[in-house]
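Each chain is listed here by its residues.
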Amino acid sequence: MWHWLAFIALAVAGSALAQPAPYSGPLFDAHLHYNDEACVHQASAACPYPLADVLARLQRNGVRAVLANSRPNDGTKALAAATEAAQKAGVTVVPFVRLYRNRADYEGWPTDASIVDMVNTELAAGTAAGPYQGLGEFHLYQSPAANGPTARRLLRLAEERDLVVLAHVDDAAIDLLMAHTPSQGKKLRLIWAHTGIGGTPVARVEALLARYPGLMGELSYRPGLTCEGGQLCPEWRALMLKYPGRFLIGSDTWVNGRWEQYDALMQGYRVWLGGLPTDVASAIAWGNGARLFGLPARP
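An unreviewed UniProt entry lists the protein under the name Amidohydrolase family protein, with Hydrogenophaga atypica given as the organism.

Draft legend 1. A look at the overall build of the protein. Of regular secondary structure, the protein possesses 13 helices and 8 strands. The C-alpha atoms of the protein give 20 Å as radius of gyration, which agrees with the globular expectation for 299 residues (19 Å, within 12%). Here the protein holds 299 residues, and the buried ones make up 51% of them. The long-range share in the protein, meaning contacts at least 24 apart out of those at least 6 apart in sequence, stands at 77%. Accessible surface, the protein: about 13000 Å² in total, of which carbon and sulfur atoms supply 58%. On the protein, the mean spot of the 26 positive side-chain charges and the mean spot of the 26 negative ones are 5 Å from each other.

Draft legend 2. The pattern of salt bridges, seen in detail. Enumeration according to the criterion identifies 15 salt bridges in this entry. One salt-bridge network, held together by shared partners, links Asp171, Asp175, Arg204 and Arg211.

Draft legend 3. Main features of the packing of helix H9 (residues 202-211) against helix H10 (residues 234-242). One can describe the packing of H9 onto H10 by two numbers: an axis separation of 11 Å at closest approach and a directional angle of 10 degrees. Between H9 and H10, the angle is such that the two are roughly parallel. Contacts between H9 and H10 involve Val202, Val205, Glu206 and Leu209 from the former and Glu235, Trp236, Leu239 and Lys242 from the latter. By residue class, the composition of the contact of H9 with H10 is 5 nonpolar, no polar and 3 charged.

Draft legend 4. Fine view of the nonpolar core. In this structure, Phe138, Leu190, Met240, Trp272 and Leu273 are the most contacted members of the largest nonpolar core, which totals 95 residues. Among the elements that take part in this core, helix H13 (residues 278-292) stands out by supplying 7 residues, more than any other. Apart from the residues lying within four places of it in its own chain, the contact partners of tryptophan 272 are Leu219, Leu225, Thr226, Gly230, Gln231, Leu232, Met240, Ile249 and Ile284.

Draft legend 5. Structural context of the pairing of strand S1 (residues 27-32). With respect to burial, S1 is a largely interior element, 6 of its 6 residues being buried. Relative to strand S2 (residues 63-68), S1 runs parallel, the two sharing 4 bridges. Opposite leucine 32, over in S2, you have alanine 68 as the bridge partner.

Draft legend 6. Region of interest: the packing of aromatic side chains. The full count for this structure, using the stated rule, is 10 aromatic pairs. With centroids separated by 6.2 Å and ring planes inclined at 75 degrees, the aromatic side chains of tryptophan 236 and phenylalanine 247 adopt a geometry described as edge-to-face. Pair noted here: tryptophan 236 is in helix H10 and phenylalanine 247 is in strand S8 (residues 247-248), with a separation of 11 residues, a long-range link. An identical accessibility class is assigned to tryptophan 236 and phenylalanine 247; each is buried. Among the aromatic side chains, those forming a connected cluster through ring pairs are Phe28, Phe96, Trp286 and Phe293. Geometry around tyrosine 221 places arginine 258 over its ring, the cationic atom sitting 4.0 Å from the centre.

Draft legend 7. The UniProt feature "domain: Amidohydrolase-related" (unreviewed entry) in the protein, seen in detail. Per the UniProt record, "domain: Amidohydrolase-related" (unreviewed entry) is annotated on residues 55-295. Span residues 55-295 is 46% helix and 13% strand, its end C-alpha atoms 19 Å apart.

Draft legend 8. Representation of the side chain of histidine 33. Here histidine 33 lies in the loop between S1 and helix H2 (51-60). A residue is classified by how much of its surface remains accessible, and histidine 33, at 0% relative accessible area, is buried. There is a polar contact of 2.8 Å between the side chain of histidine 33 and the backbone oxygen of asparagine 69. A distance of 3.0 Å separates a polar atom in the side chain of histidine 33 from a polar atom in the side chain of glutamate 137.

Draft legend 9. Broad picture of the state of the cysteines. Under the counting rule described, the total for this entry stands at 2 disulfides. A disulfide bridge connects cysteine 39 with cysteine 47, and the sulfur atoms are separated by 2.1 Å. Since a negative S-S torsion denotes a left-handed disulfide, the cysteine 39-cysteine 47 link at about -85 degrees is left-handed. Both residues of the pair, cysteine 39 and cysteine 47, belong to the buried class. When the cysteines engaged in disulfides are numbered in sequence order, the protein pairs them as 1-2, 3-4.

Draft legend 10. H2, seen in detail. Residues of H2 that are buried: Val54, Leu55, Arg57 and Leu58. Down the axis of H2, the buried set is contained in an arc of 155 degrees. They therefore lie on one face. Relative to its buried face, H2 has exposed residues pointing more than 90 degrees away, namely Ala52 and Arg60. The elements touched by buried residues of H2 are S1, S2, helix H3 (74-81), helix H4 (83-89), helix H11 (256-260) and helix H12 (262-273). Where H2 terminates, the next one or two residues include glycine 62, which has phi positive at roughly 70 degrees.

The rules behind each value
- Residues numbered from 1 in each chain as written.
- Predicted model: local features only at pLDDT ≥ 70, side-chain atom pairs only at ≥ 80, totals over all residues.
- Heavy atoms only, no water.
- Helix = DSSP H or I, 4+ residues; strand = E, 2+ residues; numbered from the N terminus.
- Rg over C-alpha atoms; globule rule 2.2 N^0.38 Å.
- Buried < 20%, exposed > 50% of the residue type's maximum accessible area, 1.4 Å probe, protein only.
- Contact = heavy atoms within 4.5 Å.
- Areas by Shrake-Rupley, 256 points an atom, 1.4 Å probe, with all protein chains shown as cover.
- Lys, Arg positive; Asp, Glu negative; His and termini not counted.
- Charge placed at Lys NZ, Arg CZ, Asp CG, Glu CD.
- Salt bridge = Lys/Arg side-chain N within 4 Å of Asp/Glu carboxyl O.
- Axes fitted to C-alpha atoms, helices over the stretch in contact; angles between N-to-C directions.
- Parallel < 35°, antiparallel > 145°, perpendicular 65-115°, else oblique.
- Nonpolar A, V, L, I, M, F, W, Y, C, P; charged D, E, K, R; others polar.
- Core = buried A, V, L, I, M, F, W, Y, C linked by side-chain atoms within 4.5 Å.
- Pairing = 2+ DSSP bridges.
- Phe/Tyr/Trp six-rings, centres within 6.5 Å; stacked < 30°, edge-to-face > 60°.
- Lys NZ or Arg CZ within 6 Å of the ring centre and 35° of its normal.
- UniProt positions renumbered as here; feature names shortened; annotations may be inferred.
- Polar contact = N/O pair within 3.5 Å; in protein donor to acceptor, adjacent residues only side chain to side chain.
- Disulfide = S-S within 2.5 Å.
- Arc of directions from axis to C-beta.

Dropping the structure here:
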């Protein structure tokens, strides 16, 4: 009997040793929203996630920078204005202009000329943390909407002003959007939210990464990303090893439930990052976002 107990103990110990240690370095959350339902930016019952709470969540999870975009842009500006509190939490805010003033704009923006005016007004004003560094997140629920006049104008604007784009679109829309830029997508820096909608095949993701040097994949909500033990599925691991400089992580706090899950989301990333070579894990967790926005390689 003791032989069996010893065998079981060794098996359990071996299993623990086989599971790599979670990544312990800094994180860059490249897809964060601070929408009105999370907080109306005042101390009241209508503010379930005040700034102090949000910054505490980031700090305890080792998130050292966030790409902030909110509906409306007030949430991003509130984060950017919390300079002293953010510095104490060790968090850098990278502000983006979101194209949405309200939920109706989610579908109507590609043909709405007033969105261009709003974007230009926001860009001219900037934030307390400095200039906006990108446009988005925006959605295209049907890829042909990428050909709308406002979509065309904003993609040209982004490349001309060296703004990064955060787009929630399918793979067909990636080609359409890139075609609207002066360089035909050779210079535009575009973060592909979720690296596709509904599970774009990995082979198609790889082909688009090869075609567009400024395309980067953000990995929240990505079906098929992880397998047993929360580690990367083999085809995703292979793709990240081939393109270690092209992926980012994000929380996508689009509803309040995602704020409740924030700790678990970041812990999940740390699990599979720990299974990658150290340099690749560091790039995806922090380095790629830092390079994209000119932040220190080591925060």
